[in-house]
Structures are given as structure tokens and as C-alpha cells.
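Structural characterization, general
Residues per chain are reported as follows:
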Amino acid sequence: MLGVERGLVKLEPYSDKWSKLFDKERELLSSQLKDLIVEIEHVGSTSIEGLFAKPIIDIAIGVSSLDVIIQLKEKVKELGYVEIPVSLDGKHVFAKYKEKKITHFLHVMIYNQNLWVNQISFRDYLRSAPDAKVEYTKLKEELANKYPKDVISYTNKKRSLLMTY
């Protein structure tokens, strides 16, 4: 089942349905935003076969400039997304909900700049390094058990530990 209530951490085993759900959402986004975007990528743990993940589809959207993000905001809101305040410079995050559960996150950023490159590189690294995938799964499970009702602490601890990769 897709979705997690806001603020909670719930990991599920990998599902091949996640890539199909990404493909469906990519088609919708591409058809509505084609003039504004450079690239759309499936990122996050649901994009990595065999990895436990919160059942939320993470989508990275690369754009050419910050000006484009302003135009894109209204269009993604029309598609059912809500903007989420984040503290990363240059990255805008939007969530899509179904029955009070977050089902999708859009991570909108400048294409091929640091945030974009880091997100894609980390995904590709985990896809190609089985030992790292196992270690990352252990880390996620440990943090999910420690912070089941505190997604902010879960994410911050995971992010700080990722700096060691």
C-alpha cells in the first residue's frame, strides 16, 4: 500500500509496483510540465530494488533556473501537490496526499547542480553496490525503530550518517 501519515516512519520491503507508480506519475508530470522541466528521475529508497523504504514515491524534477520553479509551483498545486517548507537552499519540496497519507514527494531543484548531482549519484551508488545497500537498510531500520513517530529526527539522523558514504 502506498503512503505514510505525515510525521510517521514506516518501512516496507521493496515492491516492484513502486517503479510502475513512478512511471504513471512521471507521465502526468511530463504532460503538464513539459515546457518547464529538464529532467524527471525516480529517486529515494523506492527507486532502489531490494531496499526497504517508506512507501512514498520520491521524484526529482530538474529545472533550468529558480525562475522556472515559481512558474512550476502553481502547476503542481493544480495536480494535487502541496508545498512543504524545507531548509535546503534551492530545493523546493511538494507532497501529494491520499486519505491523509503522503504518497509522493516532488524534489524540485536546478538540474545538474550539487543537490541534483548528489541525489542521483547516491541513488546510482546504492543500485550498484550491494554491500552499501545492506548497510543502508540496516541504518534505516535502526532509525525507524528509534523514531517511529518522528520523521524529522529519522531524516536528519539518516542524512548526517549519509555524509560518511
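Above this text sits the structure in question.
What comes next concerns the included structure. These figures come from a predicted structure and were not determined experimentally.

**Let's talk about the packing of helix α3 (residues 114-128) against helix α4 (residues 130-146)**
In contact at an axis separation of 5 Å, α3 and α4 are set at 110 degrees when each is read in the N-to-C sense. The angle between α3 and α4 falls in the class roughly perpendicular. From α3, F122, Y125, L126 and S128 reach across to α4, where they touch P130, A132, K133 and Y136. Considering only residue class, the contact of α3 with α4 consists of 6 nonpolar, 1 polar and 1 charged.

**Some thoughts on the nonpolar core**
Membership of the largest hydrophobic core comes to 22 residues, with the highest contact counts inside it found for L29, I59, I61, V63, L72 and L106. Secondary structure elements with two or more residues in this core: α1 (17-33), β3 (57-63), α2 (66-78) and β6 (101-110). Grouped together as the second largest cluster of nonpolar side chains are 13 residues, L126, A132, A144 and Y154 included.

Rules used throughout
- Residues numbered from 1 in each chain as written.
- Predicted model: local features only at pLDDT ≥ 70, side-chain atom pairs only at ≥ 80, totals over all residues.
- Heavy atoms only, no water.
- Axes fitted to C-alpha atoms, helices over the stretch in contact; angles between N-to-C directions.
- Helix = DSSP H or I, 4+ residues; strand = E, 2+ residues; numbered from the N terminus.
- Parallel < 35°, antiparallel > 145°, perpendicular 65-115°, else oblique.
- Contact = heavy atoms within 4.5 Å.
- Nonpolar A, V, L, I, M, F, W, Y, C, P; charged D, E, K, R; others polar.
- Core = buried A, V, L, I, M, F, W, Y, C linked by side-chain atoms within 4.5 Å.
- Buried < 20%, exposed > 50% of the residue type's maximum accessible area, 1.4 Å probe, protein only.

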